[in-house]
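# Architecture and fold: a report
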Amino acid sequence: MSDGKMVKMPMPRMDSVTVAVRVRPFSQREKNSGSKCVISMHSRTTTTIQDPKNPEHRKTFTFDLAYWSHDGFQKDKDGVFISTDPSSKFASQKDVFHDLGRGILDSAWQGYNATLLAYGQTGSGKSYSMVGLGANKGIIPNVCEELFQAIEERERNQEYQVTFSMLEIYNEQIRDLLSRTKQPGGLKVREDQHLGFYVDGLKSVPCGNYAQIERLMEQGTKIRTTASTNMNASSSRSHMVITIQFRQVFLDRDLTKQSTINLVDLAGSERQKSSGSEGDRLREGSQVNLSLTNLGNVISALADAATGKKVLHIPYRDSVLTKLLQPALGGNSRTTLIAAISPADICYEETLSTLRYAERAKKIRNRAVVNTSTLMRESKAENDRALLVRGNSGMAGKLSQEQCRSRPAAGRPGVGWREGPAAGQPGARRGGLLSLPQEQWIMKTLPHLLNVNEDPQLTGVLKYFIQAGSCDAGRAASNAIRLQGLGISDKHASFTNSDGKVTVTPHSKCKVVVNGVPIVTKTKLQHLDRIILGSNSAYLYIGFPSERGSEDLTRFDYDFFQLERAAAEGVSVDKLGAASHGDGKADPGMLAVFQDYVRLMPLVAEANQMGEELKKGLRMELKVKNLAASDSRGHELQKEVMVKVTNQRTREVWIWSKAKFINRKFLMEELYQRFLDGEDSHVAQEDDPFWDPVEVVHLGSAHIWLQSLAYSMKLEDQVEFMNCEGEEEAVVHVCVTPCSPAGRACGEEDVVIDPSELLGKRMDFQVGLVRCLGVKWLKEDTERGIQMGYRIYDLSSTLYTKPVWKMVNPQIEETVQFTALNASQEFLNYLQTDALIVDLWGLQEGCTQLDCSQSDLMVTSEGHVMVDTKKMSTLMDPGQVQISELYMKLLKLEQETELLRDTNRALREENVFLKQSLEKVGSTQQGERLPHKPSNTLKEMNQMYTRPASSDREFAKALKLFYHSMNQARGQLLRLRQEKPPEEDEMLRPFVQQQAQKLKDFGDVLESSLRRLKNDVAVIVKKKRASLPQAE
Ligand SMILES: Nc1ncnc2c1ncn2[C@@H]1O[C@H](COP(=O)(O)OP(=O)(O)OP(=O)(O)O)[C@@H](O)[C@H]1O
Ligand SMILES: [Mg+2]
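Quick caveat: nothing in here was measured; it's all calculated off a predicted structure. (Residues numbered from 1 in each chain as written. Chains lettered and ligands numbered in written order. Predicted model: local features only at pLDDT ≥ 70, side-chain atom pairs only at ≥ 80, totals over all residues. Heavy atoms only, no water.)

The full count for this structure, using the stated rule, is 30 salt bridges. Between aspartate 200 and arginine 190 there is a salt bridge, with its nearest N and O atoms 2.7 Å apart. Note that aspartate 200 is positioned in strand E14 (residues 196-200) and arginine 190 in strand E13 (residues 188-192), a separation of ten residues in sequence. A relative accessible area of 39% places arginine 190 in the partly exposed class. (Salt bridge = Lys/Arg side-chain N within 4 Å of Asp/Glu carboxyl O. Helix = DSSP H or I, 4+ residues; strand = E, 2+ residues; numbered from the N terminus. Buried < 20%, exposed > 50% of the residue type's maximum accessible area, 1.4 Å probe, protein only.)

This is the structure we're talking about:
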């Protein structure tokens, strides 16, 4: 949008919150996964969201402003995003500032307090709108710059005072971002009768021009970056609050006007997915999102109050953030909320929740007043305030000098390794925002490392110059370069700059990864190499000036590092997807799993590192649930990322869902922080995020195809249990035997040629789990045990075998007889198309075993478990099994009677017909042949009675053999589909050869079983023909 197009927005009614929505462009991740845009904005105030699962379902929200920043833009020569053409509805940073930023400035000049909050899920563009990125400056720098510009232009008989403070709230702890010394436990919020809530000890620095504010923001960002090097993701879980106190003194009128401007970049608003973590016994423990959750509660309560509902209590006091924002929420402030949203379909749920949040915030009513005072009153208040914060090292006046003087003279050439001053913006990499010429000079001449953070605002903030000679890097103060971060040792690595080369050498076992690959020896670095030190501290290496070109450094963002590392570890969409799809295309579900996997990889590394330092003895590994598993029809199951946790000493194993892991990771960070702060990091076992009671673990599943049952044939087989990765966990010896109600196994004479012959009949069969062989789980630790469980067709609960402990090849010998009283078509279809899935469960000492009592199942009078009860269950109450059984018998009898009646009718008709024919024959002198139909009927009847019963039996035998080999073929096919290609390229050829051989074997099995069936049938037909000539 050009300047000419801008229309000044009228501020909304003074007492309501101004709400703006802004939609950003697709991120690289979203583009890679082929996301679709579900947001549209048809006017300057409406935002429409479309449900990707149900495209007709759209919801339109109307707010004060709707900013379209999704497309229709291009980069100008300075790197600023501008509209492509005048018709584009693109909203630039300037447009957003024009409405929202100027609104805040207007309020401030008039003496109102003003608050701007940015709300939205992680990566939705909150910080981009608030702070900006590179040349695209956000609202905060623009507000500060314009404030001072306007001050310069004002009359001289007025005085202006501006103070600046910057804090971060993480885990309910406040950190002063303008102070280098970290207060253990953070700063405290106190309450004063007149002043309300305030942060005790927070530095508030007087500033005389915009450059000072800019430098303070750089410092604050640097402190935030250093603090977040331990855990990259922590910045998106913290709230940043910048407060500008603006005071105007009208000397001629003995009057002051005071405005507090709060600019708040909130933490990412991800809703904890209820599934997964809800089962976690420590779900309530984490405080990471307490402030955000409570902000939501306060907003909801205020919205209710504004719409006339009775609200007794607004929970301002329940969290740090809401205490500080009390004036902004239903109090003395003009408040603006910018709801940042992603355009992508995969973010639909989160985006909808953001819009609903904004809708509630819109209802809040504030009572902003102009804060004026006489100078007399002011000085008294100032005295009171001074008394209140007496002895507090954070007093504004004193600190201002200290702060303004505290600009470090870092980065001078010749001073060895040292951190350069904070640059604040990644643009600084290209020399955009540096204040010291020396530093620019060093950057231009020396090779250096730039930090890369998950939060793009914190990327490129730390710089480590590599001077000629050799230097150590690590945690200890004695190092020329001091690094912080998880898994960084006191002496971690050394860097050498000599003969125009830079090399890095890891110390002893310290983790150093270059371009995704862990290194153990001296390694030469090249311009733009990616270096990860410790568990996840990422740096981009900038080489000698001669090596540099005009590369776009923003390409090497956090995602780039993680994807590279994942690829080096053999994780890729193709790799994960290859297990399931052979068509070369990864399905979208798989892409989502892959992205989750890559996102969680560094988190798992961090969790492992924390566990190691806290001596927890755990090993956490990422796995994909159901990676190679399929449902009862052989279709793939939904895949999701999970974390396998193993206690290395006791060998206990747990499986955590993604949500549970993320929840636990927050708690681990809290504990680890206490440990770093030198506090007591000991916790009771039940509060320990690294601990859980032992539980039963799912080891794998076996598919037992039931087709033979549909032909009343016995199946006896050894079937593999496959784990989630498609590897064999054990083998089960299983028998599925059709039988009589009394349990006598059916013989070949009972085999049916067409399953529909069984329709409506009583079917009895036994499922026998005979023995388990080579159970890996038990081989690893013989103290363990197993249970098996399965659920057939419509059974209401799973049947578990009794636990067996301490045997690698446990004898199970458990047989259950099932009865379908009146086999339905659906049940017969199920038998022909589905497999019985038997799950193998691992037991470990102290875990609760699975209930094998089978108490809540429907049983027949003989005590057999009833299946195929769907129809019956609509007719009866559960528990009334006996009645239902009688009812079924009655139904069956009725059906049989009906059949008999039909036969009777047919016979009678035939009798009449025969009688007529006989009469006809008698009356015909020429002795004509009998009419066609009866002759045929007689022939059929004749055949029926003379056909040897043995041909049926032989036919059944042939079929039985055929189905048995089909079962084997199916198993083979399933295994083939689940095999993954090897990681190493050189192994690919043998793998392909192996696969080809297996395919050939598979083909041979198919061919030979078909051939055999054909032969058998031919022999039977031949025999039958031979026995029938007299009937022809
Ligand atoms: N309007 C926009 N135009 C161009 N790029 C944008 C826009 N909004 C956001 N981005 C980009 O999207 C990415 C995520 O944005 P940002 O860091 O602001 O998210 P956030 O909401 O602050 O996330 P977090 O909660 O993790 O801090 C960044 O790379 C940013 O540059
Ligand atoms: Mg952010």
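Right, let's get into the sheet that holds strand E24 (residues 493-498). Sheets are built from strands that pair by backbone hydrogen bonding, the pairs being arranged parallel or antiparallel. In spatial order, the strands read E23-E22-E24-E25-E28; together these five strands make up an open sheet with mixed pairing. Two strands in the sheet have a free side with no partner beyond their single neighbour: strand E23 (481-482) and strand E28 (523-524). Both strand E22 (residues 469-474) and E23 contribute to a ladder of two bridges, which runs parallel. Its bridge partner being in E23, alanine 473 is matched across the sheet by isoleucine 481. (Pairing = 2+ DSSP bridges.)

Another point: the confidence of the model for the chain. On average, residues of the chain score 82 in pLDDT, and 81% of them are at 70 or above. In this model residues 1-13 is a low-confidence stretch, pLDDT under 50, and it forms 24 contacts with partners more than four residues away in sequence or in other chains. Of the regions scoring below 50 in pLDDT, residues 578-582 engages in eleven contacts with residues more than four places distant in sequence or in other chains. (pLDDT = per-residue confidence, 0-100. Contact = heavy atoms within 4.5 Å.)

It is worth spelling out the nonpolar core at this point. The biggest cluster of nonpolar side chains holds 58 residues, and the ones touching the most others in it are Ile792, Phe818 and Phe827. By residue number, the principal contributor to this core is helix H22 (residues 949-978), which donates six residues. Beyond its immediate sequence surroundings of up to four residues, isoleucine 792 is in contact with Leu706, Phe765, Val767, Phe818, Tyr830, Leu836 and Val867. (Core = buried A, V, L, I, M, F, W, Y, C linked by side-chain atoms within 4.5 Å.)

What follows deals with helix H13 (residues 558-568). Of the residues making up H13, those classed as buried are Tyr558, Phe561, Gln562, Glu564, Arg565 and Ala566. Trailing H13 by a residue or two, glycine 570 shows a phi angle of about 85°, which is positive.

The next thing to look at is the UniProt feature "binding site: ATP" (unreviewed entry) in the chain. Using the residue numbers shown here, the UniProt feature "binding site: ATP" (unreviewed entry) corresponds to Gly120, Gln121, Thr122, Gly123, Ser124, Gly125, Lys126 and Ser127. Locating glutamine 121 in the fold gives a position in the loop between strand E8 (114-119) and helix H3 (126-130). Glutamine 121 has contacts with Lys126, Gly268, Ser269, Glu270, Ala340, Ser342, Cys347, Glu350, Thr351 and Thr354, leaving out every residue within four places of it along the chain. Tracing the backbone through its elements, the reader meets serine 124 in the loop between E8 and H3. Judged by relative accessible area, serine 124 falls into the buried class, the value being 1%. Apart from the residues within four sequence positions on either side, serine 124 is in contact with Arg24, Ala340, Ile341 and Ser342. A polar atom in the side chain of serine 124 sits 2.6 Å from the backbone oxygen of glutamine 121. (UniProt positions renumbered as here; feature names shortened; annotations may be inferred. Polar contact = N/O pair within 3.5 Å; in protein donor to acceptor, adjacent residues only side chain to side chain.)

Quick look at the sheet that holds strand E33 (residues 653-657) now. Pairing is antiparallel in the open sheet, where three strands are placed in the order E31-E32-E33. Looking at strand neighbours, the two that pair on one side only are strand E31 (618-625) and E33, the edges of this open sheet. Going from strand to strand, the sheet's axes swing by 25° on average, the running direction of each strand aside. Pairing of E31 with strand E32 (residues 640-647), which is carried by eight bridges, proceeds in the antiparallel orientation. Paired with methionine 620 across the two strands is valine 645, which belongs to E32. (Axes fitted to C-alpha atoms, helices over the stretch in contact; angles between N-to-C directions.)

With that out of the way, let us pick up the packing of helix H2 (residues 93-110) against helix H4 (residues 139-153). The N-to-C vectors of H2 and H4 enclose an angle of 50°; their axes lie 10 Å apart at closest approach. Relative to H4, the element H2 is oriented oblique. For H2 against H4, the interelement crossing comes out right-handed. Contacts between H2 and H4 involve Val96, Phe97, Leu100, Gly101, Arg102, Leu105 and Trp109 from the former and Ile139, Asn142, Val143, Glu146, Leu147, Ala150 and Ile151 from the latter. Residue classes in the contact of H2 with H4 are distributed as ten nonpolar, two polar and two charged. (Parallel < 35°, antiparallel > 145°, perpendicular 65-115°, else oblique. Left-handed = near helix turned anticlockwise from the far one by under 90°. Nonpolar A, V, L, I, M, F, W, Y, C, P; charged D, E, K, R; others polar.)

The next subject is the site of ligand 1. Lining the immediate surroundings of ligand 1 are 17 residues, of which Gly123, Lys126, Ser127, Tyr128 and Ser236 lie closest. Interatomic distance of 2.7 Å between a backbone N/O atom of glycine 123 and an oxygen atom of ligand 1. Glycine 125 is positioned such that a nitrogen or oxygen atom in its backbone is 3.0 Å from an oxygen atom of ligand 1. In isolation ligand 1 offers 630 Å² of accessible surface; the protein chains occlude 84% of this area. A total of three residues in the shell around ligand 1 trace back to one element, the largest contributor, which is H3. Grouping the amino acids of the shell around ligand 1 by side-chain chemistry returns four nonpolar, ten polar and three charged. (Near = heavy atom within 4 Å. Areas by Shrake-Rupley, 256 points an atom, 1.4 Å probe, with all protein chains shown as cover.)

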